[in-house]
2 protein chains.
Amino acid sequence: MDELVNRVLHGEYRAAARLMTLIEGQSVEALAAMKRLYSHTGQAELVGITGPPGSGKSTLADKLTEEFRRIGKTVGIVAVDPTSPFTGGAILADRLRMQRHSLDPGVFIRSMATRGHLGGLARATNDVVNILDAMGKDLILIETVGVGQDEVEVVKTAYTSVVVTVPGLGDEIQALKAGIMEIADLFVVNKADREGADRTYLDLEIMLDQSPFKGGWRPPIYKTVATEGKGVKELAEGIVAHQAYMGREGLRDQKATERVRALFQELLRECLTKRALERISINGTLDFLYQRMARRELDPYSAAEEVLKRVGL
Amino acid sequence: MDELVNRVLHGEYRAAARLMTLIEGQSVEALAAMKRLYSHTGQAELVGITGPPGSGKSTLADKLTEEFRRIGKTVGIVAVDPTSPFTGGAILADRLRMQRHSLDPGVFIRSMATRGHLGGLARATNDVVNILDAMGKDLILIETVGVGQDEVEVVKTAYTSVVVTVPGLGDEIQALKAGIMEIADLFVVNKADREGADRTYLDLEIMLDQSPFKGGWRPPIYKTVATEGKGVKELAEGIVAHQAYMGREGLRDQKATERVRALFQELLRECLTKRALERISINGTLDFLYQRMARRELDPYSAAEEVLKRVGL
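This structure is a prediction, so every number in the text was calculated from the model and none was measured.

Scanning chain A for helices and strands turns up 14 helices and seven strands. For chain A, buried positions account for 53% of its 313 residues. In chain A, once contacts between residues fewer than 6 apart in sequence are set aside, the share between residues at least 24 apart is 75%.

What follows deals with the confidence of the model for chain A. The predicted model of chain A averages 83 in pLDDT, with 81% of residues at 70 or higher. Of the regions scoring below 50 in pLDDT, residues 83-92 of chain A engages in 29 contacts with residues more than four places distant in sequence or in other chains.

Our next topic: the pairing of strand S2 (residues 75-80) of chain B. All names here are of chain B. Of all six residues in S2, six are buried, a share of seventy percent or more. Side-chain alternation along S2 places Val75, Ile77 and Ala79 on one buried face and Gly76, Val78 and Val80 on a second face that is also buried. In terms of strand pairing, S2 meets strand S3 (residues 107-112) through six bridges, oriented parallel. Bridging across to S3, isoleucine 77 finds its partner in isoleucine 109.

All names here are of chain A. Among the seven residues in strand S1 (residues 45-51), seven count as buried, and that is most of the element. Going residue by residue along S1, you find Glu45, Val47, Ile49 and Gly51 tucked away on one face and Leu46, Gly48 and Thr50 tucked away on the opposite face as well. As judged from the four bridges shared by S1 and strand S5 (residues 160-165), these two strands associate in the parallel manner. In the strand pairing of S5, valine 47 is matched with threonine 160.

With that out of the way, let us pick up the packing of helix H1 (residues 2-9) of chain B against helix H2 (residues 13-24) of chain B. All names here are of chain B. Put simply, H1 and H2 touch, their axes get as near as 8 Å, and they point 125° apart. Considered as vectors, H1 and H2 are oriented oblique to each other. Judged by the twist between their axes, the crossing of H1 over H2 is left-handed. Judged by residue contacts, Leu4, Arg7 and Val8 of H1 engage Ala15, Ala16, Arg18 and Leu19 from H2. The residue makeup of the contact of H1 with H2, split by class, is five nonpolar, no polar and two charged.

Residues and elements named next belong to chain B. Relative orientation of the contacting elements H2 and helix H3 (residues 28-38) amounts to 125°, with a least axis distance of 8 Å. Accordingly, the angle class assigned to the pair H2 and H3 is oblique. As for the relative orientation of H2 and H3, their crossing is left-handed in sense. Counting all contacts with H2, which are made through Leu19, Leu22 and Ile23, the residues of H3 involved are Glu29, Ala30 and Ala33. Looking at the contact of H2 with H3 residue by residue, the classes come out as five nonpolar, no polar and one charged.

Moving on: unusual backbone geometry. All names here are of chain A. Although it is not a glycine, lysine 191 adopts a positive phi angle of roughly 55°. Relative to the helices and strands, lysine 191 is located in the loop between strand S6 (186-189) and helix H10 (197-210). Lysine 191 sits in the buried class, given 24 other C-beta atoms within 10 Å.

One can find Ala262(A) in helix H12 (residues 251-280). The exposure class assigned to Ala262(A) is partly exposed, which follows from the 19 C-beta atoms found within 10 Å.

What follows concerns helix H11 (residues 232-248) of chain A. Residue and element names in this part refer to chain A. A rise of 1.5 Å per residue sets the reference length of H11, with its 17 residues, at 24 Å; its end C-alpha atoms lie 24 Å apart and thus fit the reference within 8%. By the burial criterion, the buried members of H11 are Val232, Leu235, Ala236, Gly238, Ile239, His242 and Met246. Down the axis of H11, the smallest arc covering the buried residues is 155°, so these residues share one side. Projecting away from the buried face of H11 at angles above 90 degrees are the exposed residues Ala244 and Arg248. Turning to H11, the residues buried within the fold contact S1, helix H4 (57-70), S5, S6, strand S7 (221-223) and H12. Positive phi appears at glycine 250, one or two residues downstream of H11, with a value of about 75°.

Along the chain, Tyr38(B) turns up in helix H3. Take Tyr38(B): there are 22 C-beta atoms within 10 Å of it, and that puts it in the buried class. In the structure, Tyr38(B) is positioned 202 residues away from Val240(B) in sequence and 25 Å away in space, judged by C-alpha atoms. Apart from the residues lying within four places of it in its own chain, the contact partners of Tyr38(B) are Arg296(A), Asp299(A) and Asn130(B).

About the criteria used
Residues numbered from 1 in each chain as written. Chains lettered and ligands numbered in written order. Predicted model: local features only at pLDDT ≥ 70, side-chain atom pairs only at ≥ 80, totals over all residues. Helix = DSSP H or I, 4+ residues; strand = E, 2+ residues; numbered from the N terminus. Buried ≥ 20, exposed ≤ 12 C-beta atoms within 10 Å, placed from the backbone. Contact = placed C-beta atoms within 7 Å. pLDDT = per-residue confidence, 0-100. Pairing = 2+ DSSP bridges. Axes fitted to C-alpha atoms, helices over the stretch in contact; angles between N-to-C directions. Parallel < 35°, antiparallel > 145°, perpendicular 65-115°, else oblique. Left-handed = near helix turned anticlockwise from the far one by under 90°. Nonpolar A, V, L, I, M, F, W, Y, C, P; charged D, E, K, R; others polar. Expected span 1.5 Å × (residues − 1). Arc of directions from axis to C-beta.

Following this line, the structure appears as structure tokens:
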């Protein structure tokens, strides 16, 4: 494991990929590695990219990567795959993407599979971000759909958040208005060659005019056609400008502390449940409890209290 | 609280709404009420409706409600609002929906706001479903976007899952293929008057042909135009047919046990973290830990272990 850690710190791809797989498999050794890597984190810029399915987030992330490579920055991409709770694996499209960049040693792409129902997505994603950070990647793009509590938590921990929309979603703007607004540092109207792009742009402008935004940053709106690379350079410049703003105002440090707190609480949440269930599952206690609950002889609320009592909390 | 419970059991709407608000506010008294209500649950049919933003899930849920009301069933709708992690409230559209049905005493609609970053969405949603169940609603529609770990967990606990898609999403079918496939009991191509509906239908058929589906149920595909009510009757009949199948094969009981287990584990997860953080937060221990982590003097993995040790786990 010591050797694996050293290889990750030297930026070796195979070692990083191996450690990420161990993390996803919830290996105990991986935890030891993460402890050792942690002091080497904190340098990378974290950029979240979020938007509804079909908005072209992945293509945009790919083109942004090209743009950042052009100015000499190394890039890590973490794609949180919303479809994986069932399959436990990355979807085909992500595998193809990895091949596309696989010859560039400055790019590392990892798709996150969501697993088991005791959570872990946010925790595992944060771990993968930390690995890319410790590897020395300058910029890490974290790509998720903009819905889902865990997914949103993941994006919230980025220092810069890009919210992507597309023309003609209608209700979507309404949803954005109610929701994503507060985390967006930059907006993108992707597929801007489609009908209704100007309308979507205007809707966003009006929304921004009506919203009290805090501090000295008004989220700019970019029109892009990611498939053709249009508008991507401007977006990349906008991201860099936001990073400069965050650093200047001391907001980056603040976000970094929030990020650590979120990572810690996720970890704690995961470990606590695991340990507690392990401790009480001896002698088939759990199965017995489930059967009684299914027969309505015991309610799950009292059962949970009983477990808390047994583990001394 | 005893009176509130009795009023809920008598199907009183104000009482139910009040209890739901207490639940969302994580009130301790609400927990006592949930314990008492639990033995009155287990009768309702639970139907999950999931699909991407803009696929018309809400309209479909409304029209299905009308259809089920026509055959004399009482209906509860739980709309898990994907945009709420930020605002803590239901979006406007949902409020309008509630007004639409508000004159019908056979319908109860509740939008779920996602709160705080220590989770709770799945737990609170399950509680609301249990309240509707104890109230005596025959059928409970649980409506969520088909992405997001917690959101998917919520739908997984339903006895019948309807997956909604719309023509022209392209990538979406790919995502369905990789992901939602395994939970879908029925598929819907909504907005079926749009270009590409036949193609989407065919894509789903081909996908189903290629997938090994377990047991004796091949998910049927329905074309609907929810805004006009087209195809909704057939879909409602399909849902009833699936419920009959589940009952006949003993699969409903199996699902019900899984549901109880999921609810219990969610509860446990939530309580454990809350209690543990409470216990160690005395004397500013937590803030001190966060500061050390932010300075990279302490890694969050070791910090979590330290907390586990302190609470004796």
